[in-house]
Amino acid sequence: MTENSIQEYDDDLIALLETLWGEGFMSPGGTAEVDRYLAGVSLAGRSVLDIGCGLGGVDIHLVRQHGARSVVGIDVEPGLIQRCERLAQKYDVAALIRFVCVEPGPLPFDDASFETVTSKDSIIHIPDKKALAADVYRVLEPGGWFAASDWLAGYDGEPSPEMRAYLEAEGLDFGLASASAYLQAMEAAGFTEIEIVDRNDWYRKQARHEREQLGGALYQGLASRVGTEFLGHEIDVWDKMIIALDQGQLRPTHLRCRKPG
Ligand SMILES: C[S@@+](CC[C@H](N)C(=O)[O-])C[C@H]1O[C@@H](n2cnc3c(N)ncnc32)[C@H](O)[C@@H]1O
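All residue numbers here refer to positions counted from 1 along the written sequence of the relevant chain. Restriction of local features to residues with pLDDT of at least 70 applies here, the model being predicted, together with a cutoff of 80 or more for giving and counting side-chain atom pairs; totals for whole chains, interfaces and linings are based on all residues. Excluding hydrogens and water, the side-chain figures rest on all heavy atoms present in the structure.

Engineer: Sorry if this is basic, but what is going on with the overall build of the protein chain here?
Structural biologist: Only DSSP runs of H or I reaching four residues or more are called helices, and only runs of E reaching two or more are called strands; each is numbered from the N terminus. Across its full length, the protein chain carries 10 helices and seven strands. Seen through its principal axes, the protein chain has C-alpha atoms that stretch 50 × 45 × 35 Å. Burial status across the protein chain gives 50% buried among its 261 residues. When checking whether two residues touch, look at their non-hydrogen atoms; a contact exists if any pair is within 4.5 Å. Here the contacts in the protein chain between residues at least 6 apart in sequence split such that 80% fall between residues at least 24 apart. Total accessible area on the protein chain stands at roughly 11700 Å², and carbon and sulfur atoms take up 48% of it. Here's how the labels work: a residue is buried when its accessible area is under 20% of the maximum for its type, exposed when over 50%, partly exposed in between, all with a 1.4 Å probe on protein chains only. Shrake-Rupley sampling with a 1.4 Å probe provides the accessible areas, and residues are treated as covered by the protein chains on show and by no other component.

Engineer: I'm lost on the pattern of salt bridges in this one. Help?
Structural biologist: Opposite charge on two side chains permits pairing when their charged atoms draw close. Any Lys or Arg side-chain nitrogen located within 4 Å of an Asp or Glu carboxyl oxygen qualifies as a salt bridge. All chains considered together, the criterion is met by 16 salt bridges. In this structure, the salt-bridge partner of lysine 120 is aspartate 121, at a minimum N-O distance of 3.0 Å. Grouping residues by exposure puts lysine 120 and aspartate 121 together as buried. The residue lysine 240 makes a salt bridge to aspartate 236 at a minimum N-O spacing of 2.8 Å. In this pair, lysine 240 and aspartate 236 are both assigned in helix H10 (residues 228–246), four residues apart and thus about one turn of the helix distant. Ionic contacts of the salt-bridge type, sharing partners, join the residues Glu33, Arg36 and Arg199 into one network.

Engineer: What should I look at first to understand the sheet that holds strand S2 (residues 70–75) in this one?
Structural biologist: Pairing between sheet strands relies on hydrogen bonds along the backbone, with the strands arranged either parallel or antiparallel. Being paired, for any two strands, means DSSP has found at least two bridges between them. With mixed pairing, seven strands are arranged side by side in an open sheet as S3-S2-S1-S4-S5-S7-S6. Edge positions in the open sheet fall to strand S3 (97–101) and strand S6 (192–198), since each of these has one partner strand only. Each strand of the sheet is rotated relative to its neighbour by a mean of 15°, with strand direction disregarded. The pairing of S6 with strand S7 (residues 250–258) spans five bridges and is classified as antiparallel. Note that in S7 the partner of glutamate 195 across the bridge is arginine 256. Only C-alpha atoms enter the line fits that serve as axes; for helices the fit covers just the stretch in contact. Angles between N-to-C directions range over 0 to 180 degrees. Strands S2 and S3 of the sheet are contacted by helix H4 (residues 78–90), whose axis makes an angle of about 170° with S3.

Engineer: Sorry if this is basic, but what is going on with the site of the ligand here?
Structural biologist: If a single non-hydrogen atom of a residue is within 4 Å of a molecule or strand, that residue counts as near it. Not every one of the 17 residues close to the ligand is listed here, only the nearest: Met26, Ser27, Gly52, Asp75 and Lys120. Definition of a polar contact: a pair of N or O atoms within 3.5 Å, with one able to donate and the other able to accept a hydrogen when the atoms are protein atoms, and with sequence-neighbouring residues admitted only if both atoms are side-chain atoms. Note that an oxygen atom of the ligand is positioned 2.7 Å from one of the backbone N or O atoms of methionine 26. In this structure, aspartate 75 approaches the ligand through a side-chain N or O atom, which is 2.6 Å from an oxygen atom. Burial of the ligand by the surrounding chains reaches 93%, relative to a free accessible area of 600 Å². Each residue receives one of three labels: charged for Asp, Glu, Lys and Arg, nonpolar for Ala, Val, Leu, Ile, Met, Phe, Trp, Tyr, Cys and Pro, and polar for the others, Gly being one of them. Here the shell around the ligand is composed, by residue class, of eight nonpolar, five polar and four charged.

Engineer: Explain the packing of helix H8 (residues 200–215) against H10 to me, please; I cannot follow it from the model alone.
Structural biologist: Helix-helix packing is described using two parameters, namely the angle between the two axes and the distance between the axes. Packing of H8 against H10 brings their axes to within 10 Å, and their N-to-C directions diverge by 155°. With respect to each other, H8 and H10 are oriented roughly antiparallel. When the axes of H8 and H10 are compared, the crossing they make is left-handed. Across from Asn200, Tyr203, Arg204, Ala207, Arg208, Glu210, Arg211, Leu214 and Gly215 in H8, the residues of H10 making contact are Leu231, Ile235, Trp238, Asp239, Met241, Ile242, Leu245 and Asp246. Counted by class, the contact of H8 with H10 contains nine nonpolar, two polar and six charged residues. Roughly parallel covers angles under 35 degrees, roughly antiparallel covers those over 145, roughly perpendicular covers 65 to 115, and oblique covers all other angles. What makes a crossing left-handed is the near helix being turned counterclockwise from the far one by less than a right angle; a clockwise turn instead makes it right-handed.

Engineer: Explanation requested: the nonpolar core in the structure shown.
Structural biologist: Soluble globular proteins: nonpolar side chains tend toward being buried together. Side-chain atoms within 4.5 Å are what join buried Ala, Val, Leu, Ile, Met, Phe, Trp, Tyr and Cys residues into a set we call a nonpolar core. Within the largest apolar cluster, 59 residues are counted, with the highest numbers of intra-cluster contacts made by Leu16, Leu62, Trp238 and Met241. Top contributing element to this core by residue count: H10, with nine residues. When near neighbours in sequence (up to four residues on either side) are disregarded, leucine 62 contacts Val34, Leu38, Leu43, Val48, Gly67, Ala68, Val71 and Thr118. With 27 residues, the next largest nonpolar core counts Val136, Leu140, Tyr182 and Ala185 among its residues.

By themselves, these are just geometric observations and shouldn't be taken as functional.
See below:
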């Protein structure tokens, strides 16, 4: 790692997220959400690109449970890439998955390099949805699917004061966009068979359960790992996030579209 390496997700935050969402996951729902947004898209024997691989839990699931032939997981944080590599070794799938640390910006792959592109809750960090959609289209083979989940904005203009308070408390480098902005980006890129499935209702309930756990069953164990100050801050983040979810300002969403064959 160099002085200029990106590190938004530090050890304490990762410990908290994995405790809530499962080994290798930095986003809600774990493998069940991956299965849901991939339902009907066969990865068996296919090559897959995963944008924003985080801790690698998604990628390991794609080869072990979905039969992907090969997976390339990319992320901008070198520390996360190292964790991914260790996890892939632990599950004996390192030969099938290549993790690559990339610079933010265009995908560093040739045209038509992958049969499927996926991403779980990472495109929120990439502000230019049009450029990303065009680039995903470029690296996909004709007939290939893009299937993902992401956190979308329930607004096109300014966020509500409560949403703004949540974003400030979260403190991560988010570049949210609305479902209509994603739709326009996918259409402009040339994708067809576009499906956008809102998951706000599911996550509103799930986030309440997570908040209860953070303040209850998980509190002592997490406090001893990450400290009461950090845990108190994260509980505040969850309280603010639940308000943003209830207002419909924050909308976890599944996205799917296909490059014509
Ligand atoms: C919320 S985490 C999700 C990680 C993983 N997909 C999961 O579900 O556990 C978002 C990830 O996107 C990564 N990320 C941020 N900007 C990125 C970019 N421009 N390209 C690729 N990954 C990026 C972050 O480093 C982080 O690992």
